[in-house]
Amino acid sequence: MALSGFKKIIDELGSYLTNLELYNWGEPLLHKDIIPMITYAKDRNIPVCISTNLNVLDEGMAEALIATHIDKIFISCDGASQETYSQYRVGGDFQRVLSNISRLVDAKRKAKNHYTRLILLFHVFRHNEHEVEKVKELGKALGLEVRINKMRTDMGREIFEKMEDSIERDGGWIPLNPEHCAFDLERTKGRIGCKHLWKTAVINWDGAVLPCCAVYGERYAFGNVFEEPFARIWNNAKYRMARQEVLDKIGKSPTICHTCKENGFLNF
């Protein structure tokens, strides 16, 4: 998304936003204007967070990022060793992530920034579930908060197929420990309820408005903020029908939410 388009959206929605997540289906630190974007939102007192694999960060960017007083930086690191980490983060460098974490921690210390939260995000899979405690220790040693997350099946496919099909295909990734498993492997049930249609919206780089982060592509969009005001989209026919279906007030809506509900993938 161009910086000018981003500013247009913030100017329209800024006073209504309680949280701005500058990431979705990509790496935010690759965006040349990520620092100006964060700054523009923070100057309007909007809470901002990003989620990054932290494979791309130099000292200058670390200092600039901390200087924005961003609220949260989630650092996805799904392993406590290169061998485990690289099974999911293909092509990623575990040692580089650790070095870049140190850069952020040093930048926070130099700036006397006690506000920005650095959170190590660990997605539990079958191949790394034995490292959960080790990652907690690693996070403590690095001076980070640690959040243990339950994995999802293939996000690009999951709402377009039955949950049992997702589990059959991706079952080898699902952890065996029920504590870290999001799925009932015996009954193939997982998700219950959905609040996204009332609380959040996803705006893609091209302005397309989508009901949640589990779906992408203009064909499933509920509207486009570069073509009409967001307020009009938020209350348009597609949004209203999707909400009615989730509430079981209508049987079938011509929206992506119908596909999601029909396949048993309502919220995660």
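You'll find the structure just up there.
Residues numbered from 1 in each chain as written. Predicted model: local features only at pLDDT ≥ 70, side-chain atom pairs only at ≥ 80, totals over all residues. Heavy atoms only, no water.

Participant: Before we move on, can you summarise the overall build of the protein chain with the specific residues and values?
Facilitator: Scanning the protein chain from terminus to terminus reveals 11 helices and eight strands. What you see for the protein chain is a C-alpha radius of gyration of 20 Å, in line with the 18 Å of a compact globule of 268 residues. Its C-alpha atoms give the protein chain principal-axis dimensions of roughly 55 × 50 × 25 Å. The buried share of the protein chain, taken over its 268 residues, is 46%. Accessible area of the protein chain: about 14,200 Å², with a carbon and sulfur share of 51%. (Helix = DSSP H or I, 4+ residues; strand = E, 2+ residues; numbered from the N terminus. Rg over C-alpha atoms; globule rule 2.2 N^0.38 Å. Buried < 20%, exposed > 50% of the residue type's maximum accessible area, 1.4 Å probe, protein only. Areas by Shrake-Rupley, 256 points an atom, 1.4 Å probe, with all protein chains shown as cover.)

Participant: Would you mind going over the sheet that holds strand β1 (residues 20–21) in detail, with residue names and values included?
Facilitator: One open sheet holds the five strands; their spatial order is β1-β2-β3-β4-β5, and the pairing between them is parallel. At either end of the open sheet lies a strand with only one pairing partner, and these are β1 and β5 (145–150). Taken together, the four bridges between strand β2 (residues 48–52) and strand β3 (residues 72–76) define a ladder with parallel strand orientation. Of the residues in β3, the one forming a bridge with Ser-51 is Phe-74. (Pairing = 2+ DSSP bridges.)

Participant: Could you give me a rundown of the packing of aromatic side chains, with the residues and numbers involved?
Facilitator: Considering all chains together, one arrives at nine aromatic pairs under this definition. Relative to Trp-173, the ring of Phe-125 has its centre 5.5 Å away and its plane inclined at 70 degrees; by these criteria the two rings are edge-to-face. Of the two residues, Phe-125 is situated in the loop between β4 (117–124) and α6 (132–142) and Trp-173 in the loop between α7 (163–170) and α8 (196–199); the sequence distance between them amounts to 48 residues. The class for Trp-173 is partly exposed, based on a relative accessible area of 35%. An angle of 45 degrees between the planes, with centres 5.5 Å apart, marks the rings of Phe-160 and Tyr-220 as tilted. Highlighted residues: Phe-160 in the loop between β5 and α7 and Tyr-220 in the loop between β7 (208–210) and β8 (223–224), separated in sequence by 60 residues. Assessed through its relative accessible area of 36%, Phe-160 is described here as partly exposed. Three or more aromatic residues link up through ring pairs in this structure, and these residues are Phe-222, Phe-230, Trp-234 and Tyr-239. If you follow Arg-44 out to its NZ or CZ, it ends over the ring of Tyr-40, 3.5 Å from the centre. Here the basic side chain of Arg-243 rests over the ring of Trp-234, its NZ or CZ set 4.5 Å away from the ring centre. (Phe/Tyr/Trp six-rings, centres within 6.5 Å; stacked < 30°, edge-to-face > 60°. Lys NZ or Arg CZ within 6 Å of the ring centre and 35° of its normal.)

Scope: geometric values only; no functional claims are made or implied.
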